[in-house]
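Architecture at a glance
Listed below, chain by chain, are the residues.
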Amino acid sequence: NAGVTQTPKFQVLKTGQSMTLQCAQDMNHEYMSWYRQDPGMGLRLIHYSVGAGITDQGEVPNGYNVSRSTTEDFPLRLLSAAPSQTSVYFCASSYLNSQLLYEQYFGPGTRLTVT
Amino acid sequence: KQEVTQIPAALSVPEGENLVLNCSFTDSAIYNLQWFRQDPGKGLTSLLLIQSSQREQTSGRLNASLDKSSGRSTLYIAASQPGDSATYLCAAASHMEYGNKLVFGAGTILRVKS
């Protein structure tokens, strides 16, 4: 299993540009989520999905869109990039284990700089 | 709103020392608490996962405790090694119908000197 994969690893955008961060998992997990990590702060939840066709907002959703057409893929779209969106973005997937605990798996991250 | 705080923000210890990392959370209605390790430029690796009804979990040299009533968790690392140098993050999880939402602390940067 490749686990959770993210592309690209690095990206530089100009203010106002749009782009899509890709996330895929091959573990058949129903639950997927996007976080951003800023210096000196913990990860913050942007959007999450509890299954194909179902998404909802997290703590910091403004400026981002998501969709979940398949179990495997959960892309994050930046509609009009702003310098405040400069961050490291992590995608995660999880499942409920036999102890009824959600085991989380994180991707390697995408480092985004908006100039 | 759940808030998670980690103290200290950074810690430097000599190799072989036992150490404790602290995590506090404001809302005791958590489903579970999770400790992660993050190496520079990498993603997060789950270390220990404690259900709210448990008091502690152990994995090798790592032991994590949970006290819901006081809103605290600690990660104990025994006989630290240079390879333990990383950022350690704790996250409190609230329950949803499917999956869970994690609220993270800012992390403790650990450096173990050889």
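Residues numbered from 1 in each chain as written. Chains lettered and ligands numbered in written order. Predicted model: local features only at pLDDT ≥ 70, side-chain atom pairs only at ≥ 80, totals over all residues. Heavy atoms only, no water.

Some thoughts on the environment of T5 of chain B
All names here are of chain B. Here T5 lies in strand β1 (residues 4-7). On the basis of relative accessible area, T5 is assigned to the partly exposed category, the value being 42%. Aside from chain neighbours lying at most four places away, what touches T5 is N22, C23 and S24. (Helix = DSSP H or I, 4+ residues; strand = E, 2+ residues; numbered from the N terminus. Buried < 20%, exposed > 50% of the residue type's maximum accessible area, 1.4 Å probe, protein only. Contact = heavy atoms within 4.5 Å.)

Considerations on unusual backbone geometry
Here the bond from T7 of chain A into P8 of chain A is cis, since omega is -5°, no more than 30 degrees from zero. The topology assignment puts P8 of chain A in the loop between β1 (4-7) and β2 (10-13). Cis geometry marks the peptide bond from I7 of chain B to P8 of chain B; its omega dihedral reads -5°. Relative to the elements of secondary structure, P8 of chain B occurs in the loop between β1 and β2 (10-14). Phi is positive for A79 of chain B, which is not a glycine, with a value near 45°.

What about the nonpolar core?
Ranked by internal contacts, the top residues of the largest apolar core, which has 22 residues, are L33, W35, L75, I77, Y88 and L110 of chain B. When residues of this core are traced back to their parent elements, those giving at least two are β3 (19-25), β4 (32-38), β5 (44-51), β7 (62-67), β8 (72-77), β9 (86-95) and β11 (108-113) of chain B. In contact with Y88 of chain B, not counting residues within four places along its chain, are Q6, L21, F36, R37, L47, L75, I77, G107, T108 and L110 of chain B. Within the second largest apolar cluster, 20 residues are counted, among which are V4, M32, V60 and A81 of chain A. (Core = buried A, V, L, I, M, F, W, Y, C linked by side-chain atoms within 4.5 Å.)

Details of the pattern of salt bridges
Summed over all chains, the structure comprises 5 salt bridges over all chains. A salt bridge links R44 of chain A to D38 of chain A; its shortest N-O distance comes to 2.7 Å. Between K1 of chain B and E59 of chain A there is a salt bridge, with the nearest N and O atoms lying 3.6 Å from each other. Residue K1 of chain B is located in the segment before β1, and its partner E59 of chain A is located in the loop between β6 (54-57) and β7 (64-66); the two belong to separate chains. K1 of chain B sits in the exposed class, given a relative accessible area of 79%. Here the salt bridges do not stand alone but share partners, grouping R36, D38 and R44 of chain A into one network. (Salt bridge = Lys/Arg side-chain N within 4 Å of Asp/Glu carboxyl O.)

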